[in-house]
Amino acid sequence: EAGVVQSPRYKIIEKKQPVAFWCNPISGHNTLYWYLQNLGQGPELLIRYENEEAVDDSQLPKDRFSAERLKGVDSTLKIQPAELGDSAVYLCASSWGHSGANVLTFGAGSRLTVL
Amino acid sequence: GENVEQHPSTLSVQEGDSAVIKCTYSDSASNYFPWYKQELGKGPQLIIDIRSNVGEKKDQRIAVTLNKTAKHFSLHITETQPEDSAVYFCAARGTALIFGKGTTLSVSS
């Protein structure tokens, strides 16, 4: 069974350009997470979906970041416009059930470099 | 909100030695404590977890202990091997899963 699939794996853009990342979770996992991982740091939650609903987006910088999970399966995270400080790895994870006692499975991440 | 502190930030051991990584958390309502291993260019992978109703859990060469009173938990790796070299993250979940900053473990042969 395929794990959490993310694309692209690497993206290099100029500042002020838009960028989008895509995530396909493990089949049957209804909860999807986007995390930000800066160099040398642990993952930080950006947004959590249960099915199509964003149940925790308190850490998502909504002035430039947006996310969607229209059919409760795959998800897209967008940044527009990108800033130099957005250079990081964007990790997607999924789990089944609700936010209680569930194991998160992570994808390999999308590494963004903003020049 | 929850805050997770992890120590040490780097750890170097000889093959066959034991390695211990320690974490503290702030939210007494946290009830789930996973440990993840992250290799270069890959996402974090769960290696072991423990829930608040258990004090210790072991899986082959790795074990985790939890002291809820003191709000700290630890990862123990015995008989370390070069392939154990990676970054290890602890995490604690109250309302959300919060990660520590990671420990870079280097095992030299």
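Summary of the structure given here. (Residues numbered from 1 in each chain as written. Chains lettered and ligands numbered in written order. Predicted model: local features only at pLDDT ≥ 70, side-chain atom pairs only at ≥ 80, totals over all residues. Heavy atoms only, no water.)

### Digging into empty space enclosed by the protein
Alright, step 1. Following the criterion strictly, the structure yields one cavity of 30 Å³ or more and no others.
Alright, step 2. Approximately 90 Å³ is the volume attributed to the largest cavity.
Alright, step 3. Along the walls of the largest cavity sit eleven residues, with Tyr33 and Arg48 of chain A together with Arg93, Ala96 and Leu97 of chain B positioned nearest its centre.
Alright, step 4. Mapped by element, the contributors of at least two residues to the lining of the largest cavity are strand E4 (31-37) and strand E5 (44-50) of chain A.
Alright, step 5. The residue inventory of the lining of the largest cavity, partitioned by class, reads six nonpolar, two polar and three charged. (1 Å grid on protein atoms, 1.4 Å probe; cavity = no way out; pocket = protein on both sides within 12 Å on 5 of 7 lines; lining within 4 Å. Points joined across faces, edges and corners; volume = space filled by probe spheres on them. Helix = DSSP H or I, 4+ residues; strand = E, 2+ residues; numbered from the N terminus. Nonpolar A, V, L, I, M, F, W, Y, C, P; charged D, E, K, R; others polar.)

### Concerning the layout of surface pockets
Alright, step 1. By volume, the largest pocket amounts to about 560 Å³.
Alright, step 2. Along its surface, the largest pocket is lined by 30 residues, and Gln37, Leu39 and Arg111 of chain A together with Gln38 and Leu40 of chain B are the ones closest to its centre.
Alright, step 3. Within the residue set of the lining of the largest pocket, elements represented by two or more residues are strand E9 (88-95) and strand E11 (110-114) of chain A together with strand E9 (86-93) and strand E11 (103-108) of chain B.
Alright, step 4. Looking at side-chain class alone, the lining of the largest pocket contains ten nonpolar, 15 polar and five charged residues.
Alright, step 5. Roughly 400 Å³ of internal volume is contained in the second largest pocket.
Alright, step 6. In terms of lining, the second largest pocket is formed by 21 residues, of which the most central are Pro43 and Glu44 of chain A together with Glu2, Ile98 and Phe99 of chain B.
Alright, step 7. Going through the elements one at a time, E5 of chain A together with strand E1 (4-7) and strand E10 (97-99) of chain B are the ones with two or more residues in the lining of the second largest pocket.
Alright, step 8. Considering each element in turn, the lining of the second largest pocket owes the most residues, four residues, to E1 of chain B.
Alright, step 9. For the lining of the second largest pocket, a count of residues per class yields eight nonpolar, eight polar and five charged.

### Brief notes about the packing of aromatic side chains
Alright, step 1. Counted under the stated rule, the structure contains twelve aromatic pairs over all chains.
Alright, step 2. Between the aromatic rings of Phe106 of chain A and Phe99 of chain B, the centroid separation amounts to 6.1 Å while the plane-to-plane angle is 70 degrees, which identifies the pairing as edge-to-face. Taken together, the residues span two chains, with Phe106 of chain A in strand E10 (residues 105-106) and Phe99 of chain B in strand E10. An identical accessibility class is assigned to Phe106 of chain A and Phe99 of chain B; each is buried.
Alright, step 3. Consider the rings of Trp35 of chain B and Phe73 of chain B, whose centres lie 5.6 Å apart with planes at 65 degrees: the pair is edge-to-face. Taken together, the residues span a long stretch of sequence, with Trp35 of chain B in strand E4 (residues 32-38) and Phe73 of chain B in strand E8 (residues 72-77) at a distance of 38 residues. Just as Trp35 of chain B is buried, Phe73 of chain B falls in that class too.
Alright, step 4. Each residue in the set Tyr33, Tyr35 and Phe106 of chain A together with Tyr36 and Phe99 of chain B is aromatic and connected to the rest through ring pairs, giving one cluster. (Phe/Tyr/Trp six-rings, centres within 6.5 Å; stacked < 30°, edge-to-face > 60°. Buried < 20%, exposed > 50% of the residue type's maximum accessible area, 1.4 Å probe, protein only.)

### Topic: the nonpolar core
Soluble globular proteins: nonpolar side chains tend toward being buried together.
Alright, step 1. Counting residues in each nonpolar core, the largest one holds 23 residues, and the members touching the most others are Trp35, Phe73 and Leu105 of chain B.
Alright, step 2. Counting residues per element, the ones that place at least two in this core are strand E2 (10-14), strand E3 (19-25), E4, strand E5 (45-51), strand E7 (62-67), E8, E9 and E11 of chain B.
Alright, step 3. In contact with Leu105 of chain B, not counting residues within four places along its chain, are Leu11, Val13, Ala19, Ile77, Asp84, Ser85, Ala86 and Tyr88 of chain B.
Alright, step 4. Counting 22 residues, the second largest nonpolar core, distinct from the first, contains Cys23, Leu36, Ile47 and Tyr90 of chain A. (Core = buried A, V, L, I, M, F, W, Y, C linked by side-chain atoms within 4.5 Å. Contact = heavy atoms within 4.5 Å.)

### Describing the interface of chain A and chain B
Alright, step 1. At the interface, 19 residues of chain A touch 17 residues of chain B.
Alright, step 2. Both faces considered, chain A and chain B share a buried interface measuring about 1,300 Å² in area, 50% of it formed by carbon and sulfur atoms.
Alright, step 3. Three residues, Pro43, Val103 and Phe106 of chain A, lead the burial of chain A against chain B; their summed loss comes to 28% of the area buried on that side.
Alright, step 4. In this assembly, chain A and chain B are joined by three residue pairs in polar contact (both at pLDDT 80 or more). (Buried area = accessible area lost by both parts, 1.4 Å probe. Polar contact = N/O pair within 3.5 Å; in protein donor to acceptor, adjacent residues only side chain to side chain.)

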